[in-house]
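# Coordinate inspection notes
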Amino acid sequence: MPHNRPQSKNYSCVYRLIGTYRLFSSSFRYIIPPLFLVFLIIIATARVSFAQSPERMFDDDPAEPWYITADEVSFDKKTNQHIAKGNVVITKQDKRLTADFVRFDDKTMEMLAVGHVIMTVGEDVLVGDKMDMDMEAEIGTAYNGTIFIKQNHFYIRGDKIQKTGKSSYAVAKGSLTTCDGDSPAWKITGRNLKVTMEGYGFVKHAALWAKKVPVLYTPFLVFPAKTKRQSGLLPPQILYSERKWEEYIQPFYWAINESSDATLYYHHIGRRGEKIGFEYRYVLDEKSKGTMMYDFLRDRRVDNGTLESSEEWGYADVSGLRPNTDRYWFRMKHDQALPFDFNAKLDIDIVSDQDYLHEFKDGYTGFEKTDKFFNKSFGRDLDEYDDSTRINSLSINKSWSQFSLNAETRWYDNVITRRQEETDTTLQMLPIVDFNASRQQLFGTPFYFDLDSEYTYFYREDDSEAAPRAHRIDAYPRLYLPLQFKHYLSFEPSVGFRETAWYFDKEEYSSSDKATLYREMYDVKLDLSSNIYKIYNLQTSWINKIKHAITPQVTYQYIPGKDQSSKYPQFDAIDNIARTNLVTYSLTNVFTSKSQINNAKKDGKDESGKDETSNYTYNQFCRLKLEQSYNINEAKEDTPSQWANQKEKRPFSTIYGEIEITPVKYVSAQADATWCQYDSLVKSRNVAVTLSDERGDKLFVEHRYTYNSSESIYTDITLAVTDQLNVYADYERNLYSTQDIRKSVGCLYKAQCWSIDFNYADEDNDRKYSFIISLYGIGEFGRDIAGGMMEEPL
C-alpha cells in the first residue's frame with residue numbers, strides 16, 4: 001500500500017504474527033484503553049521477513065491477512081532489529097496503526113513506535129507520542145496518550161498509560177471525560193490510577209472539574225472496572241423534609257448470576273429510624289420472570305389519636321389511626337409459562353398500614369418508582385397509593401383463536417380492618433373462573449354468537465347472614481343476525497340469554513328456604529346504523545382531498561323487570577340487573593384529509609411504477625359525536641322513584657357530545673360535555689388543548705368541570721429557549737375549593753457532555769427543591785430538598 005504523496009524511496013516489509021488473541025480477550029469500556037490492547041495484538045509475538053515487492057502480507061490468519069507499508073525499511077545487524085521509517089502503516093480489517101518510526105526485535109519480542117502514533121479499531125482511537133511494548137511479557141507503555149472509546153464517548157488521557165500485567169493497567173496522571181475538545185466542560189482527574197480488568201479501579205486524589213475550576217474532591221476513589229454486570233454501591237439519594245428531617249438512601253447492587261440480581265437498600269431517616277429494603281429480580285426462561293420487593297422500618301413515631309401525633313405523623317385525608325411502629329411493604333409480580341400454552345401471573349401487594357404509601361411515595365423504593373417498574377416490566381400496575389384495600393391475585397389463563405379461559409383467586413386486603421383487628425366482611429373471590437367465546441359465525445349460518453360465562457366463590461373471612469358465603473355460576477350467550485341493505489343501512493338484532501345460579505354454604509343464609517337459587521333472564525338489542533360519505537376535491541398545495549363521513553346510529557335495549565333485591569344476594573352488578581327499556585341515538589361525523597407526500601403521476605403511478613396510495617398520507621383531523629338516550633319506562637310510569645322529587649318526568653338523558661381536532665401536526669384538542677335540557681345547564685365539561693412545534697416547545701392546558709361538584713385546571717408548558725436551554729412549569733388548581741393542588745417550575749440546560757436540571761415544586765403543602773447535574777457516560781450528582789408545611793404569610 002504505497003502512500004499517496006510522492007515518495008523518493010519505497011521499501012516494504014512483512015511482519016508475520018503468530019501469537020493468539022488471548023491478550024485482548026475483552027476491553028474495559030470506562031478507563032482501560034481497548035485500542036491499546038488491539039495494538040498489542042497486532043505486534044504480539046511478531047516475526048519479520050523481507051521482500052522487494054512494493055507490498056506484502058503476512059499470514060496471521062489466512063483468511064484475513066495483515067498488511068504493512070513504509071517509506072523506508074532496513075535491518076540493523078548489530079542490534080538484530082527491523083526498522084521501518086516514514087508513513088508506517090499496519091492494517092487488518094477495521095484495525096489500523098500509523099507511526100513515523102517503528103523498530104522491532106524478533107528475538108527479545110520488543111517493539112517501539114515513535115511519532116504521531118495513531119491506532120484505530122472501528123470507531124475507537126488511541127493517539128500517543130510514543131509506544132514501547134514487550135510482547136512476550138505482555139507489558140508496555142504509551143506516552144502522552146489519549147484514548148477515545150466510541151461506545152461511551154469516553155476520552156481518557158494520561159502521561160503514561162502502562163500495561164503492568166495480563167489484565168492490569170496503570171496511569172500515573174490521568175483524566176476522564178465525555179466532552180469533545182481540548183478544553184472539556186468537565187473532567188475527572190486523578191493520580192496513580194490502577195485498574196484490573198473485570199475487577200476494580202483505584203484513583204488517588206480524584207477531582208471533578210468544571211472547565212478549569214475544581215468542584216468536588218475525594219482523596220481516594222474506587223470504581224468498577226468490569227464490562228459485565230457487577231456488584232457494588234450505586235449512587236446514593238439525599239433528601240430533607242420537615243416530617244422526616246434528613247434522609248440518606250444507599251443502594252447496593254448484587255449481581256448474583258446471569259439470570260438474577262438484587263438491590264439492597266439502607267435508608268436512614270433522621271426522625272423516624274433506619275429502614276432497610278431489598279429488590280430481587282430473576283428470569284427463569286423467555287416467558288418466565290419475576291420481581292419481589294420488601295421494605296421494613298421500626299418507626300419512632302406513631303399516630304395514636306392525640307392532637308400532636310395526628311398533626312405531625314398522620315394524614316388528614318386518610319381515615320383511621322396508625323398506632324403501629326412496625327411498618328413494612330411487600331410487593332411482588334411473577335409471570336410463569338406453563339405446559340400446554342397456559343400462563344400464570346402472580347400479584348402480591350401487602351402493606352403494614354394505610355399511611356405507609358403516603359409516607360413513602362417518592363424515593364428509590366417509593367410507590368411511584370415501584371409502580372412504574374411493574375407497569376413497564378410486567379404490563380400490570382399497582383392499586384393507587386391512597387387505596388387502603390390492596391388486591392392480591394393468582395391467575396392461570398390460556399387463549400385460543402376464538403376462546404379464552406382464565407382462572408383467578410383474588411384477595412382484597414383491607415388494610416384498616418386488618419390493622420385494627422375488626423370484623424372483616426371484605427368480599428373475596430376464591431376463585432373466579434371465566435370462559436369466554438369471541439364473536440364468531442354459527443356453523444356456516446347467517447347467525448353469529450358470543451359467550452360470557454363465569455364461576456365465582458364469594459368468601460368472607462367473617463361470615464354472617466348479612467354477609468354470606470356463596471357459589472355463583474353465570475352463563476350469558478348472545479345470538480346475532482347481522483343484516484346489510486346494500487351499502488346504505490346495517491341492521492343487527494341480537495338476543496341474550498342469562499342463567500344464574502347461587503349455592504350458599506349455609507342454608508340459613510339464603511333469603512328463601514332453599515340453599516340453591518336460580519334466575520333466568522333475557523334481553524333484546526336492536527342496532528340500526530348507516531355510513532354515508534362525500535369526498536371533496538381541493539387540490540391545494542397541502543391537501544388533495546377531504547372525506548366527510550357521517551354515521552347515524554340508533555340502538556334499542558330491552559331487559560324485562562324482575563324482582564331481585566330481596567330474593568337474591570347482592571355481591572356485585574350481576575346479582576341485580578336493572579330493568580331497561582332504552583333507546584339511544586347518536587350521530588358521528590369524521591373528517592379525513594388526504595395529502596401528497598411526494599410527486600405522483602396523474603395515471604396513478606409514481607416514478608417507480610408503484611401505486612399512488614404509497615405517496616399519500618391520511619389524517620383524521622376532526623371527529624364529532626352527539627348522543628342521547630330516551631328511557632321508555634320512565635316516560636310511561638306515573639310516579640317513578642327516579643323523579644318523585646322532581647316537578648316533571650325526565651325520560652331524556654343529558655345530551656353528550658365529544659370532539660377531537662388535529663388540524664395540523666403540532667396542534668390537537670379534545671373536549672366533551674353533557675347538557676341537561678330540563679335545567680338548561682351544562683352538567684359537565686372537559687377541555688384539553690396541546691400545542692407544540694419542531695423546536696420542542698409544548699403547551700398543554702386542561703380544564704375539568706362537574707356541576708356542583710368539582711372544577712380544576714391543569715397546565716404544563718415547556719419552552720425551548722435555545723437548543724441547549726429548556727424552561728418548564730406545571731400548575732394545577734382546584735377551582736371549586738380555591739386551593740392549589742400542585743405548582744412547579746424548572747429549567748434544564750443540556751450541553752454536549754453534561755446537563756443541569758433545577759426544579760422547584762409545591763404539592764400537598766410540601767415544598768421540594770431538586771438540583772441535578774448529569775455527566776453523560778458517568779451518572780448524576782444531585783440533591784433533593786423537600787420543605788416542610790407551608791404557612792400563610794402574616
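Below is a summary of the structure that appears in this document. (Residues numbered from 1 in each chain as written. Predicted model: local features only at pLDDT ≥ 70, side-chain atom pairs only at ≥ 80, totals over all residues. Heavy atoms only, no water.)

## Looking at the nonpolar core
Of all hydrophobic cores here, the largest spans 30 residues; its most connected members are Val102, Met111, Ala113, Val117, Met131 and Ile147. Here this core gets five residues from one element, more than from any other, and that element is strand E8 (residues 110–121). (Core = buried A, V, L, I, M, F, W, Y, C linked by side-chain atoms within 4.5 Å. Buried < 20%, exposed > 50% of the residue type's maximum accessible area, 1.4 Å probe, protein only. Helix = DSSP H or I, 4+ residues; strand = E, 2+ residues; numbered from the N terminus.)

## Topic: the packing of aromatic side chains
Scanning the model with the defined rule gives 21 aromatic pairs in all. Aromatic pair Tyr265 and Tyr364: ring centres 6.2 Å apart, planes at 40°, arrangement tilted. Of this pair, Tyr265 sits in strand E19 (residues 260–269) while Tyr364 sits in the loop between helix H3 (356–359) and helix H4 (367–378), and the two are 99 residues apart along the sequence. The buried category is assigned to Tyr265, whose relative accessible area is 11%. Look at Tyr364 and you get partly exposed, because its relative accessible area is 26%. Connected via pairs of aromatic rings, a cluster forms that spans Trp329, Tyr356, Phe360, Phe367 and Tyr385. Over the ring of Tyr476 we find Arg498; its NZ or CZ atom is 4.1 Å from the centre of that ring. The ring of Tyr705 has Arg685 lying over it, and the distance from NZ or CZ to the ring centre is 4.3 Å. (Phe/Tyr/Trp six-rings, centres within 6.5 Å; stacked < 30°, edge-to-face > 60°. Lys NZ or Arg CZ within 6 Å of the ring centre and 35° of its normal.)

## A look at the state of the cysteines
In total, this model carries one disulfide according to the counting rule given. Disulfide pairing places Cys179 opposite Cys753 at an S-S distance of 1.7 Å. Because the torsion about its S-S bond is 80°, the bridge between Cys179 and Cys753 counts as right-handed. Taken together, the residues span a long stretch of sequence, with Cys179 in the loop between strand E12 (168–177) and strand E13 (186–196) and Cys753 in the loop between strand E42 (739–750) and strand E43 (754–763) at a distance of 574 residues. (Disulfide = S-S within 2.5 Å.)

## Digging into the pattern of salt bridges
For the structure shown, the criterion picks out 32 salt bridges. Here Asp335 and Arg380 are joined by a salt bridge, their closest N and O atoms 2.9 Å apart. One end of the pair, Asp335, is in strand E22 (residues 326–337); the other, Arg380, is in the loop between H4 and strand E24 (389–399), with 45 residues separating them in the sequence. For Asp335, a relative accessible area of 13% puts it in the buried group. A salt bridge links Asp740 to Lys743, with the nearest nitrogen and oxygen atoms 3.6 Å apart. Note on Asp740: relative accessible area 36%, which makes it partly exposed. (Salt bridge = Lys/Arg side-chain N within 4 Å of Asp/Glu carboxyl O.)

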